[in-house]
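Listed below, chain by chain, are the residues.
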Amino acid sequence: MTYTPKSDFLQILIERGFLADCTDLQGLDAALLKGVVPAYIGYDATAKSLHVGHLLNIMLLRWLQKTGHKPITLMGGGTTKVGDPSFRSEERPLLPPDAIEANIASMKQVFAKYLDYGEGAGDAIMLNNAEWLDGLNYLEFLRDIGRHFSVNRMLSFESVKSRLDREQSLSFLEFNYMILQAYDFLELHRRYGCLLQMGGSDQWGNIVNGVDLTRRVVDGHVFGLTTPLLTTSDGRKMGKSQGGAVWLNGDMLSPYEFWQFWRNTTDADVGRFLKLYTEIPVAECERLGALSGAEINAAKIVLANAVTTLCHGPEAAAAAEETARAVFEQGGMGENLPRVALTGDEAAAGVSIVQLFVRAGLARSGKEAKRLIAEGGARLNDAPLDDAGLVITAQDLTAPLKLTAGRKRHALVSLD
């Protein structure tokens, strides 16, 4: 990078490792120095909660606001009806409108923890692109907007090209997604003076389309910026655990399980994750990340506490750390461990230990649970479990049972 930005926002992005690409770094820097820059990131409502894979860009919006600019969280009430095909092997299942609205209402809980919403110049606002997409006249849209897009160029974007190269179907419905996302940027620029769209590297083609469309239609000078697509040092996609997605909503993943995900970070990722997912000063992130041996475990607890405090609050972080200490250091049960509550009828009939491991999220399938037991990775009340045919009944539940997968993942089973 030959240009060194002067604005606080871009300096922080570069120093902490957020920046992958920018359409015009020098021009964006000048705009950030000149005054408040409204910037947006879009979120399609395909699930009831965002997950850890979204957290990088939520932190990006938080830093934007902390440096004096205006975040826009754009909910995809309209674009979710189409589905983003970027780097997917097949079409997303289409959701009915009521499911989309329910997902948006649930997702909103997370943003308020990271951003300050209000009416001020630097306050965040939340919008829904259904506001302008639902009422579009198709023929007018084709004439006024569609004519600015080259199919040849759209086919050249890696997100589309990779799917076609694998000879996987791409529906006309999905192909329209990038036009709609570009139109979002144009409308946000018209209505709210939005100057910047941000997103992950997989959104680069869509973002460039929006920058180009805004220039063509209203001669607006806007910018695009992307963050790197993160994988862990062992090659796994960020945001996935052995039990599935790491959700940000507490009703879909307990704060303890969220805390434990960060506590289980591999040694090589600690420094990088501290920079990206916390507000701890960079020098301290680097110091903590350089620790080794038993000391790196203390750094992982700092990471888990800082990220959990932002997402779930300081009380939840403290409770999670205390539960972990009770489980690991004192051999206790831990009040905040994930729980499987069996009804009286279930307990009377008996539930297999394999099914309980699956229901507790300690295994993704019965087959995986049986393999875990066969390989010696499962424990029941801290004792090795070697019988995959074990059935738990009411007489076994006079006190909660503790299930363990590996060394660090635990759950409790009790009567409802």
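Structure's up top.
Note that the coordinates shown come from a computational prediction; the quantities given were computed from them, not determined experimentally. Along each chain, residues carry numbers from 1 onward, in the same order as the chain's sequence is written. Residues qualify for local features only when their pLDDT is at least 70, as the model is predicted, and side-chain atom pairs are given and counted only at 80 or more; totals for whole chains, interfaces and linings, by contrast, use all residues. In computing side-chain values, all of the structure's heavy atoms are included and hydrogens and water are not.

1. What about the sheet that holds strand β9 (residues 339-342)?
- Taken in spatial order, the five strands of this open sheet run β9-β15-β14-β11-β12, and their pairing is mixed. Edge positions in the sheet fall to β9 and β12 (383-384), since each has one partner strand and no second.
- Note on pairing: DSSP must find at least two bridges between two strands before they are called paired. Secondary structure elements are defined from DSSP: runs of H or I of at least 4 residues count as helices, runs of E of at least 2 residues count as strands, and each element is numbered from the N terminus. Looking at chain direction, β9 and strand β15 (residues 409-415) are connected through four bridges and run parallel. Its bridge partner lying in β15, Val340 is registered against Val413.

2. With respect to helix α19 (residues 366-374)
- Taken as a whole, α19 has its buried residues at Glu368, Ala369, Leu372 and Ile373. Looking down the long axis of α19, one finds its buried residues gathered within 140° of arc, a one-sided arrangement. Residues of α19 that are exposed and point over 90 degrees away from its buried face: Lys367 and Ala374.
- Buried residues in α19 make contact with α18 (353-359), β11 (378-380) and β14 (401-405).
- Directly beyond the C-terminal end of α19, a positive phi value near 80° is found at Gly376. Remark: exposure states derive from per-residue accessible area (1.4 Å probe, protein chains only) relative to the maximum for the residue type, with buried under 20%, exposed over 50%, and partly exposed in between. In this description, the arc belongs to the directions extending from the helix axis to the C-beta atoms. Residue contacts are counted whenever heavy atoms from the two residues lie within 4.5 Å of one another.

3. Remarks on the packing of aromatic side chains
- Aromatic pairs are defined between Phe, Tyr and Trp rings, using the six-membered ring for Trp, whenever the two ring centres lie within 6.5 Å; interplanar angles under 30 degrees are classed as stacked, those over 60 as edge-to-face, and all others as tilted. The final tally for this structure, using the stated rule, is eight aromatic pairs.
- Taking 6.2 Å as the distance between ring centres and 65° as the angle between the ring planes, the aromatic pair formed by Phe258 and Trp262 counts as edge-to-face. Of the two residues, Phe258 and Trp262 are both situated in helix α12 (residues 255-263); the distance of four residues between them amounts to about one turn of the helix.
- Judged by its relative accessible area of 0%, Trp262 falls in the buried class.
- Consider the rings of Phe261 and Trp262, whose centres lie 5.2 Å apart with planes at 85°: the pair is edge-to-face.
- Taken together, the ring pairs connect Phe258, Phe261, Trp262, Phe273 and Tyr277 into an aromatic cluster.

4. Brief notes about the side chain of Ser254
- Locating Ser254 in the fold gives a position in the loop between β8 (244-245) and α12.
- Judged by its relative accessible area of 19%, Ser254 is buried.
- Any N or O atom pair separated by 3.5 Å or less is treated as a polar contact, with the protein-specific requirement of one donor-capable and one acceptor-capable atom, and with residues adjacent in sequence counted only for side-chain atom pairs. In this structure the side chain of Ser254 is engaged in a polar contact, spanning 3.0 Å, whose partner is the side chain of Glu257.

Note that all results are geometric; they support no functional claim without further evidence.
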